[in-house]
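Structural overview
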Amino acid sequence: MTTIEKNSLAVGRYVNTNHVDTLIRTYKQERWQQNSERMGEEDTLSLFYTIEELEEFLQRSKAAGANAISIHFGVYPENFAERSGYAGKQTTVFVATDRQETENGFAHKNVYQQTSNGKQLLAYNMGGYPPGGVETDYDGLGITIVDKGDGMIVI
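Right, let's walk through the structure included here. (Residues numbered from 1 in each chain as written. Predicted model: local features only at pLDDT ≥ 70, side-chain atom pairs only at ≥ 80, totals over all residues. Heavy atoms only, no water.)

Side note on the packing of aromatic side chains
The geometry of an aromatic ring pair is captured by the separation of the ring centres together with the interplanar angle, meaning the angle of the planes. Defined as follows: A pair of Phe, Tyr and Trp rings is counted when the ring centres sit within 6.5 Å of each other, with Trp represented by its six-membered ring. The angle between the planes then sorts it: under 30 degrees is stacked, over 60 is edge-to-face, the rest tilted. Only DSSP runs of H or I reaching four residues or more are called helices, and only runs of E reaching two or more are called strands; each is numbered from the N terminus. Any residue under 20% of the maximum accessible area for its type is buried, any over 50% is exposed, and the rest in between are partly exposed; the area is computed with a 1.4 Å probe on protein chains only. Counted as over-ring charges are cases with an Arg CZ or a Lys NZ within 6 Å of the ring centre that also lie within 35 degrees of the ring normal.
This model, assessed by the stated rule, comprises six aromatic pairs. An angle of 50° between the planes, with centres 5.9 Å apart, marks the rings of Y49 and Y124 as tilted. With a gap of 75 residues between them, Y49 in the loop between α1 (17-39) and α2 (51-63) and Y124 in strand β6 (residues 123-124) connect regions that are remote in the sequence. The exposure class of Y124 is partly exposed, given its relative accessible area of 24%. With a centroid separation of 6.5 Å and 55° between ring planes, the pair formed by F57 and F94 is classed as tilted. Placement of the pair is F57 in helix α2 and F94 in strand β2 (residues 90-102), with a sequence separation of 37 residues. The two residues F57 and F94 agree in class, both being buried. Through a chain of ring-to-ring contacts, three or more aromatic side chains come together here, namely Y49, F57, F94 and Y124. Here the basic side chain of R99 rests over the ring of F106, its NZ or CZ set 3.6 Å away from the ring centre.

As for the pairing of strand β4 (residues 112-115)
Filter applied, for reference: When DSSP locates at least two bridges between a pair of strands, those strands are taken to pair.
Note: β4 against strand β5 (residues 118-121), four bridges, orientation antiparallel. In the strand pairing of β5, Y112 is matched with L121. Connecting β4 to the antiparallel partner β5 that follows it, the hairpin turn spans two residues.

Encoded structure:
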């Protein structure tokens, strides 16, 4: 039997609550507050996707040859009419990529899929905003799900 060793492509790591709280607090102070003031209304602070829809996107990405996902920040245009309340708000878009090691480090090549409209970028967007469009508890993280190894708890 031949064993093929597969190198891990992992680049991220699990972080603790303090790390997450620091990132969110810094974002609120250094980006979100100014964006909201400039817009005249509160900008997006978070987006939500179900586990099922993310799993489906990951499965489609793998089937199309992707081995990584890049997450891009974006803003819906002011004339965006696909969903009410999204125009002008920040968002993220997930793009399936093929991550390859090169002489100069790693390169990501976007993955495309054949659709009825021709070849299209394999990407996912349009997450849900909290009710009302913004979070109501800015002093905390909201609901946090923690995997304790023998089950998950909600904090």
